[in-house]
Amino acid sequence: MIKMTIDWIASFNQGNIQACVDRYTVNASMQVSPFGRFQGIGAIGGFWHGFAQHKPGELIYRNVEIKVLNPKSAILSANFSMNIVSGFISKELWVLADDGQWYLEEDDFSVLTQLEAPLPNEQRTALILVDLQNDYFPGGRFELEGTGDASNIAKTMLTHFRAKHLPVIHIQHIFEDDNAPFFAPNTTGIEIESRVAPIEGEPVIVKHQIDSFINTALEQTLVELGIDKLVIVGAMAQACVQTICRSAVNKGYTCEVIENGIAAPALEYGKHSFSGAEIVAANLLSLTFGGAQMKTCQAWLTENS
């Protein structure tokens, strides 16, 4: 079944729409929000051949989940993006036929964004600013080491992205407990530091946990914008930065960390004491084994000027 999905995507990206249609059962049903329901392989073929007139391509599935119902059927769900469309696949029901091949019996997906022209590759990269909030700065409830330097680097990156009209997403951590040691609700500590404060049109994703993807609008925002790559700056290295990178890579996104744009606290563990810089270095080293790439601000700007 997994091989058939890979083959379906390959056929689609090669422009072989009929091969894609041939992977549906004769009586298959397809629900496409907001375009309606298509019953039977004839109606489904009509939809796909009509859609092919817009020259779609570069189809990618991310955050794929497969639930095996029995030896002859399985359900796939995922996010998808292509050059002109992005959205969510709620359900692909694949069934094993008597000929030994897997076919789509049910297909249910939603289109969140549809473009008139392909999105330029540079527009598929988003700058993600993680938790650069007042409580992490001097005078805050949980001051980190190096937040001033990290914020200056983040500001440099932010200036570049804004000048190029590239996507920018801010992450804001607010604990739900009024007695939280920092980032408590209704305090000035939760506000994003002025140097990197969001402007109109830049999404602010509010989270209540370490993982920026859990119970937030981050994933939907990335899908709507057609994002393939995340460029990360912010804090803390050992917590929210580490976690967003690993979650993003696991979901299929490319992740680049601006190594001099990351901050952390000085910490102790048993008999060991670590400076903030050492915490940053250890966690970035860990992330290189987790699929993320490390680059300095200047190196990234030189590569992307």
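In short, a report on the structure. This structure is a prediction, so every number in the text was calculated from the model and none was measured. (Residues numbered from 1 in each chain as written. Predicted model: local features only at pLDDT ≥ 70, side-chain atom pairs only at ≥ 80, totals over all residues. Heavy atoms only, no water.)

1. Some points on the overall build of the protein
Scanning the protein from N- to C-terminus turns up eight helices and 14 strands. The dimensions of the protein, computed from C-alpha atoms along their principal axes, are 65 × 45 × 35 Å. Relative to its 305 residues, the protein shows a buried fraction of 49%. In the protein, the share of contacts with a sequence separation of at least 24, taken over all contacts with a separation of at least 6, comes to 67%. (Helix = DSSP H or I, 4+ residues; strand = E, 2+ residues; numbered from the N terminus. Buried < 20%, exposed > 50% of the residue type's maximum accessible area, 1.4 Å probe, protein only. Contact = heavy atoms within 4.5 Å.)

2. A closer look at helix α5 (residues 218–225)
Buried within α5 are the following residues: L218, E219, T221, L222 and V223. In the stretch just after α5, G226 is the one whose phi turns positive, near 70°.

3. Comments concerning the environment of S305
On the secondary structure map, S305 appears in the segment after α8 (297–303). Here T302 takes part through its backbone oxygen, which lies 3.3 Å from a polar atom of the side chain of S305. (Polar contact = N/O pair within 3.5 Å; in protein donor to acceptor, adjacent residues only side chain to side chain.)

4. Points about the sheet that holds strand β4 (residues 73–81)
Taken in spatial order, the six strands make up an open sheet running β2-β1-β6-β5-β4-β3, and their pairing is mixed. Each having just a single partner strand, β2 (36–39) and β3 (60–70) make up the two edges of the open sheet. Adjacent strand axes in the sheet meet at a mean angle of 10° when their direction is disregarded. As defined by bridge partners, β4 adjoins strand β5 (residues 85–96) across eight bridges and the pair is classed as antiparallel. Looking across to β5, one finds that I75 is bridged to L93. Where helix α3 (residues 40–51) meets the sheet, its contacts fall on β1 (24–33), β2, β5 and β6 (102–114), and the angle it forms with β1 comes to roughly 50°. (Pairing = 2+ DSSP bridges. Axes fitted to C-alpha atoms, helices over the stretch in contact; angles between N-to-C directions.)

5. With respect to unusual backbone geometry
With an omega of 10°, the peptide bond between S33 and P34 qualifies as cis. By the element assignment, P34 lies in the loop between β1 and β2. Following A235, the chain continues to M236 via a peptide bond in cis, the omega torsion being -15°. Within the secondary structure layout, M236 lies in the loop between β10 (229–235) and α6 (237–250). One non-glycine residue, K55, lies in the positive phi region at around 60°. The phi angle at D131 is positive, at roughly 55°, despite the residue not being glycine. As for its position among the elements, D131 is in the loop between β7 (125–130) and α4 (147–163).

6. A closer look at helix α7 (residues 276–288)
Counted at 1.5 Å a residue, the expected span for α7 with its 13 residues is 18 Å, and the 19 Å between its end C-alpha atoms agrees. Looking at α7, one finds that the buried residues are G276, I279, V280, N283, L284 and L287. Each buried residue of α7 sits inside an arc of 125° when the element is viewed along its axis, so together they form one side. Among the exposed residues of α7, those oriented more than 90 degrees off its buried face are A277 and L285. Contact partners of the buried residues in α7: α6, β11 (254–263), β12 (267–269), β13 (272–274) and β14 (293–295). (Expected span 1.5 Å × (residues − 1). Arc of directions from axis to C-beta.)

7. As for the pattern of salt bridges
Applying the stated criterion across every chain yields a total of ten salt bridges. Members of the salt-bridge network, linked through shared partners, are K229, E256, K295 and E303. (Salt bridge = Lys/Arg side-chain N within 4 Å of Asp/Glu carboxyl O.)

8. Comments concerning the nonpolar core
Generally speaking, a soluble globular protein has its nonpolar side chains buried in company with each other. In terms of nonpolar packing, the biggest core is built from 59 residues, with L127, I128, L129, M157 and I232 touching the most fellow members. At seven residues, the largest contribution of residues to this core is made by α6. With sequence-adjacent residues up to four places away left out, I232 is seen in contact with I128, V130, V241, I244, C245, C255, E256, V257, I258 and I262. (Core = buried A, V, L, I, M, F, W, Y, C linked by side-chain atoms within 4.5 Å.)

9. Remarks on the sheet that holds β11
One open sheet holds the six strands; their spatial order is β9-β8-β7-β10-β11-β14, and the pairing between them is parallel. The strands lining the two open edges of the sheet, one partner per strand, are β9 (204–207) and β14. Adjacent strand axes in the sheet meet at a mean angle of 25°, parallel and antiparallel pairs treated alike. Of the strand pairs in this sheet, β7 and strand β8 (residues 168–173) are connected by four bridges, and their pairing is parallel. Bridging across to β8, V130 finds its partner in I171. Where α4 meets the sheet, it contacts β7, β8, β10 and β11, and its direction lies at approximately 135° from that of β11. Each of β8, β9 and β10 touches α5; the most contacted strand, β8, lies at about 175° to it.

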